[in-house]
Amino acid sequence: EKNIFILKPNYISDYNDCLTYINNILNPVFVECNIDINNNYFFNYDKYFNSYKEINDEFANKINTITKLNDIIFLNDIYLMLVPNRLLTININTK
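For the structure given in this document, a descriptive report is provided here. (Residues numbered from 1 in each chain as written. Predicted model: local features only at pLDDT ≥ 70, side-chain atom pairs only at ≥ 80, totals over all residues. Heavy atoms only, no water.)

What to know about the overall build of the chain
So, point 1. Along its length, the chain carries 4 helices and 0 strands.
So, point 2. The order of helices and strands in the chain, counted from the N terminus, is α-α-α-α.
So, point 3. Expressed as a percentage of its 95 residues, the buried residues of the chain come to 29%.
So, point 4. At a minimum sequence separation of 6, the contacts of the chain that also span at least 24 residues come to 70%.
So, point 5. Looking at the chain as shown, the accessible area adds up to about 6900 Å², and 53% of this sits on carbon and sulfur atoms. (Helix = DSSP H or I, 4+ residues; strand = E, 2+ residues; numbered from the N terminus. Buried < 20%, exposed > 50% of the residue type's maximum accessible area, 1.4 Å probe, protein only. Contact = heavy atoms within 4.5 Å. Areas by Shrake-Rupley, 256 points an atom, 1.4 Å probe, with all protein chains shown as cover.)

Describing the packing of aromatic side chains
So, point 1. Throughout the structure, instances matching the rule amount to 3 aromatic pairs.
So, point 2. A ring pair is formed by tyrosine 21 and tyrosine 52, whose centres lie 4.9 Å apart and whose planes are at 40°; its orientation type is tilted. Taken together, the residues span a long stretch of sequence, with tyrosine 21 in helix H1 (residues 12-31) and tyrosine 52 in helix H3 (residues 45-66) at a distance of 31 residues. Each member of the pair, tyrosine 21 as well as tyrosine 52, is classed as buried.
So, point 3. Plain terms: the ring middles of phenylalanine 49 and tyrosine 52 are 6.4 Å apart, the flat faces sit at 40° to each other, and that makes the pair tilted. (Phe/Tyr/Trp six-rings, centres within 6.5 Å; stacked < 30°, edge-to-face > 60°.)

Here's the deal with the nonpolar core
So, point 1. Counting 9 residues, the largest nonpolar core consists of Cys18, Tyr21, Ile22, Ile25, Leu26, Tyr48, Tyr52, Ile55 and Ile78.
So, point 2. When contributions to this core are tallied by element, the ones reaching two or more residues are H1 and H3.
So, point 3. Looking at this core, the element that brings in the most residues is H1, giving 5 residues.
So, point 4. If you look at the next biggest cluster of nonpolar residues, it comprises 6 residues, including Ala60, Ile63, Leu80 and Val83. (Core = buried A, V, L, I, M, F, W, Y, C linked by side-chain atoms within 4.5 Å.)

Remarks on a nonpolar patch on the surface
So, point 1. Together, Val29, Phe30, Val31, Ile35 and Met81 line one region of the surface with nonpolar side chains, adding up to about 460 Å² of accessible area.
So, point 2. Considering the arrangement of structural elements, one finds valine 31 in helix H1. (Patch = residues over 30% accessible without salt bridge, like charges linked within 9 Å, V, L, I, M, F, W, Y side chains within 5 Å. Salt bridge = Lys/Arg side-chain N within 4 Å of Asp/Glu carboxyl O.)

What to know about H3
So, point 1. Counted at 1.5 Å a residue, the expected span for H3 with its 22 residues is 32 Å, and the 32 Å between its end C-alpha atoms agrees.
So, point 2. Of all the residues in H3, the buried ones are Tyr48, Ser51, Tyr52, Ile55, Asn56, Asp57, Glu58, Ala60, Ile63 and Asn64. (Expected span 1.5 Å × (residues − 1).)

Rendered as structure tokens:
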């Protein structure tokens, strides 16, 4: 069975801020190993990180509804880096 996850329309602006966070904060740190403290995105860190967190939470909540305990979930890249911890939190509290 295939499951496709589509973001709700109200998440589109969060998704754009999430991509801004990934492209301008996470990529330079994890991929390019180049931190520029004068990067304007660091000054709006909370706004972009909160969007990144909300998108990761939304993915985790959806994954939780379509998986069973002990299922193996593979996540790749920095886009969903917060999902595993969120899944652990959900599973500890609900299963």
